[in-house]
Amino acid sequence: MALAKVRKLNILNELFGEVITPRAVWVEVVERGKGKPGSEDVKNATWIRVLEVKDKLSVEILTREIEVGEAEAIVLAKELNADLIILDEKIPRIIAKSLGLNVAGSLALLFIAKKKGIINEDLELIIGELRARGVRFSNKVVEELKRMYNASDAKMKQ
């Protein structure tokens, strides 16, 4: 939900149409996050569907290593055979990938949205705003995404 913090939640709708989130993420962002940046945007997004996870045991096992929202997101993605799961934290990403899930982070989505013309703002400014709101990304990840973005941009110009 990092994108909601910087008023870029619409990127998800533009890229994917409907987005499914587990109940724990909804509770964290909308109910407990009331008044925080982006919580109202998430609450009012009619294209976000909240689902309950069926496999509570797997969630319980995963919460020994990661937070409940991330655990539910991983289990729900497996249950739905989701095309993609959006995770920013390192350990949940490793777990999701080890379970055969396709994983993308908020930064990758920003770069894709920029490439598709969904956003026009300078990515450096958005990344700075994310960091100012407590979202952490390593410089290495940012540089790798820039490199990939610039390489694909150069191919398109050829």
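The next thing to look at is the overall build of the protein. The helix and strand inventory of the protein stands at 10 helices and 4 strands. Across the protein, helices and strands are ordered from the amino to the carboxyl terminus as α-α-β-α-α-β-α-α-β-α-β-α-α-α. In terms of C-alpha radius of gyration, the protein reaches 16 Å, essentially the compact-globule figure of 15 Å for 158 residues. For the protein, the spread of C-alpha atoms along the principal axes amounts to about 50 × 35 × 25 Å. Taking as baseline every contact in the protein between residues at least 6 positions apart, the subset at least 24 positions apart corresponds to 56%. Taken as a whole, the protein presents about 9600 Å² of accessible surface, with 50% of it coming from carbon and sulfur. Of the side chains in the protein, 27 bear a positive and 24 a negative charge, and the two mean positions are spaced by 3 Å.

Further remarks concern the nonpolar core. By size, the foremost hydrophobic cluster in this structure holds 33 residues, and its most contacted members are Leu9, Val42, Leu110 and Leu130. Elements with a minimum of two residues in this core: α1 (2–5), α2 (10–16), α3 (23–31), α8 (106–115), α9 (123–132) and α10 (139–157). Per element, the largest residue contribution to this core is 6 residues, and it comes from α8. Leave out the neighbours within four places in its chain, and Leu130 touches Ala2, Val6, Leu110, Val135 and Phe137. One finds Val59, Ile66, Leu76 and Ile85 within the second-largest nonpolar core, a separate group that totals 16 residues.

Orientation of α3 relative to helix α6 (residues 68–80), taken along the N-to-C sense of each, is 145°, at an axis distance of 7 Å. Crossing hand, α3 versus α6: left-handed. Seen from α3, the contacting residues are Arg23, Ala24 and Val25; seen from α6, they are Val68, Gly69 and Glu72. Within the contact of α3 with α6, the residues separate by chemical class into 3 nonpolar, 1 polar and 2 charged.

Further remarks concern a nonpolar patch on the surface. Together, Phe16, Leu84 and Ile86 make up a nonpolar patch on the protein surface, roughly 220 Å² of accessible area in all. Following the sequence through the fold, Phe16 ends up in helix α2.

Let us now look at the side chain of Ser106. Summarising the element assignment, Ser106 is placed in helix α8. Among the residues examined, Ser106 registers a relative accessible area of 2% and is labelled buried. Side chain to side chain, Ser106 and Asp88 meet in a polar contact 2.6 Å long. Sequence-distant contacts of Ser106, that is, excluding residues within four places in its chain, are made with Ala2, Leu3, Ile86, Asp88 and Phe137.

With 13 residues, α6 extends 18 Å from end C-alpha to end C-alpha; this agrees with the ideal 18 Å at 1.5 Å per step. Along α6, the residues classified as buried are Gly69, Glu70, Ala71, Glu72, Ala73, Ile74, Val75, Leu76 and Ala77. Residues of α6 that are buried in the fold lie against β1 (19–22), α3, β2 (48–51), α5 (56–62), β3 (85–86) and α7 (90–98).

So, about the pattern of salt bridges. The final tally for this structure, using the stated rule, is 7 salt bridges. A salt bridge links Arg23 to Glu52, with the nearest nitrogen and oxygen atoms 2.8 Å apart. Separated by 29 residues along the polypeptide, Arg23 in helix α3 and Glu52 in the loop between β2 and α5 bring together distant segments of the chain. Taking the relative accessible area as the measure of exposure, Glu52 reaches 44% and is therefore partly exposed. Several salt bridges converge on common partners, so that one network encompasses Arg23, Glu52 and Lys56.

About the cut-offs
Residues numbered from 1 in each chain as written. Predicted model: local features only at pLDDT ≥ 70, side-chain atom pairs only at ≥ 80, totals over all residues. Heavy atoms only, no water. Helix = DSSP H or I, 4+ residues; strand = E, 2+ residues; numbered from the N terminus. Rg over C-alpha atoms; globule rule 2.2 N^0.38 Å. Contact = heavy atoms within 4.5 Å. Areas by Shrake-Rupley, 256 points an atom, 1.4 Å probe, with all protein chains shown as cover. Lys, Arg positive; Asp, Glu negative; His and termini not counted. Charge placed at Lys NZ, Arg CZ, Asp CG, Glu CD. Core = buried A, V, L, I, M, F, W, Y, C linked by side-chain atoms within 4.5 Å. Buried < 20%, exposed > 50% of the residue type's maximum accessible area, 1.4 Å probe, protein only. Axes fitted to C-alpha atoms, helices over the stretch in contact; angles between N-to-C directions. Left-handed = near helix turned anticlockwise from the far one by under 90°. Nonpolar A, V, L, I, M, F, W, Y, C, P; charged D, E, K, R; others polar. Patch = residues over 30% accessible without salt bridge, like charges linked within 9 Å, V, L, I, M, F, W, Y side chains within 5 Å. Salt bridge = Lys/Arg side-chain N within 4 Å of Asp/Glu carboxyl O. Polar contact = N/O pair within 3.5 Å; in protein donor to acceptor, adjacent residues only side chain to side chain. Expected span 1.5 Å × (residues − 1).

Honestly, it's all geometry; don't read function into it.
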